Amino acid sequence: MKRPVRVGAGEKLVLTANRLLDGRIVWRDHDGHWAARVGAAEKLDADAVSDVLEEAQARAQQDGVVGVYEVAVRDVDPPEPVTVRERIRAHGPTVHPEFSVEAGQ
Amino acid sequence: MNAPVGHYQYDQSDREFLAARIDEFSGQVTRRIDGSLSEDEFKPLRLMNGLYLQLHAYMLRVAIPYGTIDSQQMRMFAHIARRYDRDYGHFTTRQNIQFNWIKLEETPDILRDLAKVDMHAIQTSGNCIRNVTSDEFAGAAADEVVDPRVHAEILRQWSTLHPEFTFLPRKFKIAISGSPNDRVAARFHDIGILARSGADGRPVFRIFVGGGLGRTPIIGQEIFDAVPEERLLATLEAIVRVYNAHGRRDNIYKARIKILVQALGIDAYREAVEAELQQMDLEHYRLTPEMVDAIRARFAVPELSAPDNASQELSARRETNPEFDLWVRSNTHPHRDAGHIIAVVSLKPAGGIPGDATSAQMDRLADLADEYSFGELRITHLQNIVLGHVRQDRLYDLWQALKEVDLASANIGLIGDIVACPGLDYCALANARSIPIAQKLGARFGDATLQAEIGALRINISGCINACGHHHAGHIGLLGVDKRGEEFFQITLGGRAENGASIGTILGPALPEDDTVDAIARLVDCYLGIRQRGETFLDTLDRLGDVPFKEAAYETV
């Protein structure tokens, strides 16, 4: 069973997944749509995340995403994932700047 | 039949099998996309076809049986990189190639393109017998008893869709070498096989079992020292049967054969295998000379001929061009034919990504293979490319052509020849990035003269304990670890994968990335300061132990 994500002071949670068709990383926005940039992600309080997560997981096939889970982010604008792993997911591989999310790839 | 040099020639039945398999997977992809299959249902099916879901996209791992391809197949890799990926591919420590930016919906098309050149992605994932690896110098090395690729092909045909071995407790890796000198890390495989000469002129095989890296690194133990060729398949069948019957399935971390061999002891494991052999229909598994010869006939043999003065021409070139001489020293290996030489093309340019090649480089390598080496290329488990049969008088021209596409780094077996897994930049399992630290080390030690001065020293980097970068077997090993969401690297010293294999020992506490690079630099300086004449890094380490290196590495920490 997946361990709950630790949320520290000044941190929130966002939901992420991979798109089913191409595997690209997406983030759930305030309207329940999946966006390519972490900046669009809806920031959630720890006590509110389970209901949203459950709903997003239930709709995953319909929404064309796979592997929905929650990620801790610093509560800044745009949100910045806390761990190296999630920062790499959010922005792209560090060894190919031309493939970064910001570069529009 | 116009068989390719170095690998098996498919026939109609092979191609029909592949086509049927792709049609099956194409249907599964369609059902996944329309929701008829859930991700949980689909995952084992896509893995059986080499398709992973990684950090940023799907990743397709294509099998390169025994590491050998022809120029057409290399050009197909270039096409896939251009058409379906981001213009590059990554050659792995299991002699495969991975494409990192694949779309699920395009995967059947990719597999159909691969099938046009008799390639596929079967046995690159899942708990089956994986793609069999072999000696990168097979069929060319002067010390070889038999070309192991013929036997590797036999093992491929034996293991593909084997009804008993499709759902083993865990993945299962076999390596085979046709030389008594271990160039395949035989002792770090579930089964490692080394050939030597038998009394009747046919080869016999030393078999090691229960080796592996990963979370629990263990050196394989010799279970049989001289299995006759005709008993090879029966013996392997019995070894895997015992594992299949008794290997643990309750704990993924204890499911590999190495854990079972440790639990039973090698003598008890051998007894269990012998008991299994006694109740098997050995005639059914007998590998006759005729069968071996029939498979061998599907491999073309290069017609080696060179001018009488080929060696002298090479020597003359070396004398007048020190840069070329440096490259020849590190990047070639003796060939069994006096007029030929084996050339190793480094995929480790200073500051580059180990194992990566662009589509343009792949196309050029294919052209060079056609021009210089009978259209044959080998992918090494150290993430380089071998042209196996180069005429000595043409080596200089090859080197010049390699320089034009940035593939002439003179660093094979040296500190710049870094082995690294994709790490956290791509891999969903990784804890730390392997590539950036490899790039920093590669750049720091990029000078060819400095590398030659340092001598034989191999660095292996893994981004997690699964050890795809074989860090346990590195003379210097680096393991990426996650400390509260940040990357650190643990240093090990003294690993080696050849004859006399050993597992590196941990030097001290893990360090942040930049500190690790500095620590390695101090460690190398320490070696250069204390080595005796003619000593390699491992020689010095064996003589003095790790204390001076530990003091050097951690002196400012």
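Residues numbered from 1 in each chain as written. Chains lettered and ligands numbered in written order. Predicted model: local features only at pLDDT ≥ 70, side-chain atom pairs only at ≥ 80, totals over all residues. Heavy atoms only, no water.

- An unreviewed UniProt entry lists chain B under the name Sulfite reductase, with Gluconobacter cerinus as the source organism.

- Where an unreviewed UniProt entry is consulted, chain A appears under the name DUF2849 domain-containing protein, with the organism given as Gluconobacter cerinus.

Regarding the overall build of chain A
Part 1: Secondary structure assignment for chain A yields three helices and five strands.
Part 2: Overall, chain A shows an N-to-C arrangement of helices and strands of β-β-β-α-α-β-β-α.
Part 3: Expected size for 105 residues packed as a compact globule is a radius of gyration near 13 Å; at 13 Å, chain A falls within 12% of this value.
Part 4: Seen through its C-alpha atoms, chain A measures out along the principal axes to roughly 40 × 35 × 30 Å.
Part 5: Burial status across chain A gives 48% buried among its 105 residues.
Part 6: Long-range contacts, defined here as pairs at least 24 residues apart, represent 55% of the contacts in chain A between residues at least 6 apart.
Part 7: Accessible area for chain A stands at about 5,500 Å²; split by element, carbon and sulfur atoms hold 50% of it. (Helix = DSSP H or I, 4+ residues; strand = E, 2+ residues; numbered from the N terminus. Rg over C-alpha atoms; globule rule 2.2 N^0.38 Å. Buried < 20%, exposed > 50% of the residue type's maximum accessible area, 1.4 Å probe, protein only. Contact = heavy atoms within 4.5 Å. Areas by Shrake-Rupley, 256 points an atom, 1.4 Å probe, with all protein chains shown as cover.)

Considering the overall build of chain B
Part 1: Scanning chain B from terminus to terminus reveals 19 helices and 21 strands.
Part 2: The globule rule puts the C-alpha radius of gyration for 557 residues at 24 Å, and the 23 Å found for chain B is close to it.
Part 3: In terms of principal-axis extent, the alpha carbons of chain B reach across some 60 × 60 × 55 Å.
Part 4: Within chain B, the proportion of its 557 residues that are buried is 63%.
Part 5: Element-wise, carbon and sulfur atoms account for 48% of the exposed surface of chain B, whose accessible area totals about 20,500 Å².
Part 6: Considering chain B, the positive charge centre built from 60 side chains and the negative charge centre built from 77 side chains are found 4 Å apart. (Lys, Arg positive; Asp, Glu negative; His and termini not counted. Charge placed at Lys NZ, Arg CZ, Asp CG, Glu CD.)

Notes on the side chain of A:N18
Part 1: You can see A:N18 is positioned in strand β1 (residues 11-19).
Part 2: Here A:N18 falls in the buried class, since its relative accessible area comes to 8%.
Part 3: A distance of 2.6 Å separates a polar side-chain atom of A:N18 from the backbone oxygen of A:G23.
Part 4: Other than its neighbours up to four places away in sequence, A:N18 contacts A:G23, A:R24, A:I25, A:V26, A:G64, A:V65, A:V66, A:R89, B:L53, B:Q54 and B:L55. (Polar contact = N/O pair within 3.5 Å; in protein donor to acceptor, adjacent residues only side chain to side chain.)

Considerations on the domain arrangement of chain B
When the parts of a complex come together, some accessible area is lost, and that lost area is often taken as the interface size.
Residue and element names in this part refer to chain B.
Part 1: Split into domains, chain B comes out as domain 1 (12-116), domain 2 (148-296), domain 3 (310-404) and domain 4 (419-553).
Part 2: One C-alpha centre belongs to domain 1, the other to domain 3; they are set 29 Å apart.
Part 3: If you look at the interface, domain 1 gives 21 residues, while domain 3 gives 22 residues.
Part 4: Of the roughly 1,800 Å² buried between domain 1 and domain 3 on both sides combined, carbon and sulfur atoms contribute 55%.
Part 5: Interface area lost by domain 1 to domain 3 is led by M74, R75 and F91, which between them contribute 32%. (Domains from an automatic or database assignment. Buried area = accessible area lost by both parts, 1.4 Å probe.)

Side note on the packing of helix α3 (residues 71-84) of chain B against helix α4 (residues 107-116) of chain B
All names here are of chain B.
Part 1: Orientation of α3 relative to α4, taken along the N-to-C sense of each, is 160°, at an axis distance of 10 Å. The pairing of α3 with α4 is recorded here as roughly antiparallel in orientation. Pair α3 / α4 crosses with right-handed handedness. Where α3 approaches α4, its residues M76, F77, H79, I80 and Y84 are matched on the opposing element by D109, I110, D113, L114 and K116.
Part 2: For the contact of α3 with α4, the per-class residue count stands at six nonpolar, one polar and three charged. (Axes fitted to C-alpha atoms, helices over the stretch in contact; angles between N-to-C directions. Parallel < 35°, antiparallel > 145°, perpendicular 65-115°, else oblique. Left-handed = near helix turned anticlockwise from the far one by under 90°. Nonpolar A, V, L, I, M, F, W, Y, C, P; charged D, E, K, R; others polar.)

A closer look at the environment of A:G8
All names here are of chain A.
Part 1: With respect to the helices, strands and loops of the structure, G8 is situated in the segment before β1.
Part 2: By relative accessible area, G8 is classed as partly exposed at 33%.
Part 3: Taking the C-alpha atoms as reference points, G8 and Y69, separated by 61 residues in sequence, lie 18 Å from one another.

Observations concerning helix α7 (residues 257-264) of chain B
Residue and element names in this part refer to chain B.
Part 1: Here α7 has its buried residues at I257, K258, I259, L260 and V261.
Part 2: Where α7 is buried, its residues contact β9 (203-209), β10 (221-228), α6 (232-246) and α8 (266-278).
Part 3: G265 sits one or two positions beyond α7 and adopts a positive phi of about 90°.

Focus on the side chain of B:Q98
All names here are of chain B.
Part 1: Of note, Q98 is situated in strand β5 (residues 97-102).
Part 2: Among the polar contacts listed, one links the side chain of Q98 to the side chain of R61, at a separation of 2.9 Å.
Part 3: Not counting the four nearest positions on each side in its chain, Q98 is found in contact with M59, L60, R61, G89, H90, T92 and P422.

Observations concerning the UniProt feature "domain: Nitrite/sulphite reductase 4Fe-4S" (unreviewed entry) in chain B
Part 1: The residues that UniProt annotates with the feature "domain: Nitrite/sulphite reductase 4Fe-4S" (unreviewed entry) are residues 125-278 and 418-553 of chain B.
Part 2: Helix makes up 37% of residues 418-553 of chain B and strand 19%, and the two end C-alpha atoms of the span are 19 Å apart. (UniProt positions renumbered as here; feature names shortened; annotations may be inferred.)

Quick word on the packing of aromatic side chains
Part 1: Scanning the model with the defined rule gives 15 aromatic pairs over all chains in all.
Part 2: On the numbers, 5.7 Å between centres and 45° between planes, the contact of B:Y396 with B:W399 is tilted. Of this pair, B:Y396 and B:W399 are both found in helix α14 (residues 395-404), three residues apart, which corresponds to roughly one turn of the helix.
Part 3: Exposure remark for B:Y396: the relative accessible area of 14% places this residue in the buried category.
Part 4: For B:R86, the ring lying beneath its charged end belongs to A:F99, and the centroid distance is 5.0 Å.
Part 5: The ring of B:Y253 carries the charged tip of B:R215 above its face, separated from the ring centre by 4.0 Å. (Phe/Tyr/Trp six-rings, centres within 6.5 Å; stacked < 30°, edge-to-face > 60°. Lys NZ or Arg CZ within 6 Å of the ring centre and 35° of its normal.)

A look at unusual backbone geometry
Part 1: With an omega dihedral of 0°, the bond running from A:D77 to A:P78 counts as a cis peptide bond.
Part 2: Assignment of secondary structure puts A:P78 in the loop between β4 (65-74) and β5 (80-81).
Part 3: Of note in the backbone geometry, B:A467 takes a positive phi value of approximately 65° without being a glycine.
Part 4: By the secondary structure assignment, B:A467 is in the loop between β17 (459-462) and β18 (476-483).

A word on the nonpolar core
Burial of nonpolar side chains together is a common tendency in soluble globular proteins.
Residues and elements named next belong to chain B.
Part 1: M74, F77, F91, L114, I191, Y269 and L395 are the most contacted members of the largest nonpolar core, which totals 111 residues.
Part 2: Among the elements that make up this core, the one with the highest residue count is α6 (nine residues).
Part 3: With near-sequence residues (within four places) excluded, I191 lies in contact with F172, K173, I174, A175, A186, I207, F208, V209, L236, I239 and V240.
Part 4: Counting residues in hydrophobic clusters, the runner-up holds 34 residues, among them I415, L457, Y527 and F549. (Core = buried A, V, L, I, M, F, W, Y, C linked by side-chain atoms within 4.5 Å.)

Section: the sheet that holds strand β13 (residues 356-358) of chain B
All names here are of chain B.
Part 1: Strand order across the open sheet formed by five strands is β1-β2-β5-β4-β13, with antiparallel pairing between neighbours. Edge positions in the sheet fall to β1 (51-53) and β13, since each of these pairs with one other strand and no more. Geometrically, the sheet is characterised by an average inter-axis angle of 30° between neighbouring strands, direction not taken into account.
Part 2: In the sheet, β1 pairs with strand β2 (residues 58-62) via three bridges, with the strands oriented antiparallel. Opposite L53, over in β2, you have Y58 as the bridge partner.
Part 3: Those strands touched by α3 are β2, β4 (88-91) and β5, and its axis lies near 15° from that of β5.
Part 4: Seen against the sheet, helix α13 (residues 359-372) touches β4, β5 and β13 and runs at an angle of roughly 85° to β13. (Pairing = 2+ DSSP bridges.)

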